[in-house]
Every structure is written in structure tokens, then in C-alpha cells.
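# Structural overview for review
Residues per chain, in single letters:
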Amino acid sequence: MESHGLKTVYIAFASDAFRNGFLDNQYTQLLQLQDENEPKFVLQVATLFLEDSEKLLNELRGILDKQDVDFEKLDACVRKLIGSSASIGAKRIKNTCLAFHNCCKEGSKEGCLKCLQHLAQERLLVKSKLETLFKLEKWILAAGASVPVLSQ
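In this report, we go over the structure that sits alongside the text. (Residues numbered from 1 in each chain as written. Predicted model: local features only at pLDDT ≥ 70, side-chain atom pairs only at ≥ 80, totals over all residues. Heavy atoms only, no water.)

Moving on, we come to the pattern of salt bridges. Scanning the model with the defined rule gives 7 salt bridges in all. For R123, the salt bridge is made with E54, and the minimal N-O distance between the two is 3.3 Å. Here the residue R123 occupies a position in helix α6 (residues 109–142), and E54 occupies one in helix α3 (residues 41–65), the gap between them amounting to 69 residues. Of the residues examined, R123 reaches a relative accessible area of 7% and is grouped as buried. In this structure, E110 engages K114 in a salt bridge whose closest nitrogen and oxygen atoms are separated by 3.4 Å. Remark: K114 and E110 occur in helix α6; sequence separation between them is 4 residues, near one turn of the helix. Note on E110: relative accessible area 55%, which makes it exposed. One salt-bridge network, in which partners are shared between bridges, spans D16, R19 and K129. (Salt bridge = Lys/Arg side-chain N within 4 Å of Asp/Glu carboxyl O. Helix = DSSP H or I, 4+ residues; strand = E, 2+ residues; numbered from the N terminus. Buried < 20%, exposed > 50% of the residue type's maximum accessible area, 1.4 Å probe, protein only.)

This is the structure:
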């Protein structure tokens with residue numbers, strides 16, 4: 001596909017990710033920090049987020065697998081995920097974490113388990129969206145063009 005077509009697909013895909021709440025304007029702010037000195041800045045930040053979020057999900061699962069759930073420890077992990085998802089602009093993950101936080105405050109193991117399941121699904125969706133955006137960026141650059149500037 002030619003670079004113009006790739007750019008069109010990139011803009012449409014990114015617009016869809018914003019419109020459906022997967023990403024918010026924090027993501028575009030991260031993109032603005034990227035330059036020729038740090039061409040993979042957003043990729044590196046996203047990769048760290050995805051690795052850390054997977055570790056936190058595993059930690060959340062471990063806490064919820066116990067007979068007596070330590071809701072304070074659970075909530076501390078959820079708050080870490082709230083912060084990291086907000087910093088990368090993963091809006092739907094952040095919103096799911098806020099609901100999870102409320103279940104922790106209520107001491108609802110059942111509610112926390114539902115939030116955990118939803119959170120795992122949202123993480124996979126965001127991961128897929130980010131991976132697709134990064135592939136499109138790579139193809140655009142390989143075609144000798146510049147990646148379009150996203151604005152929300």
C-alpha cells in the first residue's frame with residue numbers, strides 16, 4: 001500500500017480508537033514528546049505500560065485467589081494501574097480501574113472479580129489497538145513518509 005493510503009488507514013484507525021474511548025488526549029500528548037532524538041518514545045512507554053499492567057493483573061489475580069482478600073493491598077495495585085493507564089491515555093482501562101477501586105472500598109470480592117475480568121479484556125483490546133498503531137507507523141516510515149500528527 002502506498003504511503004498516502006497507509007496514512008489514511010492510520011488516521012481512521014487512531015480516530016476510531018479515540019472515538020471508542022480506548023485512548024484519550026494523554027496519548028496525543030505523549031506523541032508530541034516524541035521527536036527524531038527519541039523516535040520510539042511512545043513505543044517504549046507503551047511497552048512498559050503493557051508489561052507492567054500484565055504484572056499488576058497477575059498480582060491482582062493472586063490477591064483475589066486467596067480465601068481472605070486483603071482489600072487494601074488489592075486497592076494499592078488498582079491505584080498503580082489507574083496511574084499508569086492515565087499516564088499513557090488508556091481511558092477505558094483507567095475507567096475500569098476506577099470501578100475496581102470502588103469495589104475494593106466496598107469490600108466486594110464478587111465485584112472485584114468481575115472488574116478483574118473486565119480489566120483483563122480491556123487490556124487486551126488496548127494492547128491490540130496500540131500494536132496496530134505501531135505497525136501502521138512502521139509501515140508509513142518504511143514507505144518513506146512521515147507519520148501523521150494526531151489530534152483529538
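Another point: the packing of aromatic side chains. One pass over the full model with this rule turns up 1 aromatic pair. The ring of F22 carries R92 above its face, with NZ or CZ at 3.9 Å from the centroid. (Phe/Tyr/Trp six-rings, centres within 6.5 Å; stacked < 30°, edge-to-face > 60°. Lys NZ or Arg CZ within 6 Å of the ring centre and 35° of its normal.)

Once that is clear, we can look at α3. Here α3 spans 36 Å end to end across 25 residues, near enough to the 36 Å set by a 1.5 Å rise per residue. Within α3, burial applies to V42, A46, F49, L50, S53, L56, L57, L60, I63 and L64. Those residues of α3 that are buried are in contact with α2 (25–33), α4 (71–88), α5 (91–106) and α6. (Expected span 1.5 Å × (residues − 1). Contact = heavy atoms within 4.5 Å.)

The next point concerns the nonpolar core. With 45 residues, the main nonpolar core has L23, Y27, L60, L74, F100 and L119 as its most contacted residues. The dominant element in this core, judged by the number of residues it contributes, is α6, at 11 residues. Filtering out sequence-adjacent residues up to four positions away, L74 remains in contact with L60, I63, L64, V69, F100, C104 and C112. (Core = buried A, V, L, I, M, F, W, Y, C linked by side-chain atoms within 4.5 Å.)

A word on the state of the cysteines. A complete count under the given rule lists 0 disulfides for this structure. Looking at the unpaired C103, the closest cysteine sulfur is the one in C115, lying at 3.9 Å. For C103, a relative accessible area of 14% corresponds to the buried category. The thiol of C104 is not disulfide-bonded; the next cysteine sulfur, from C112, is found 3.9 Å away. Note on C104: relative accessible area 5%, which makes it buried. (Disulfide = S-S within 2.5 Å.)

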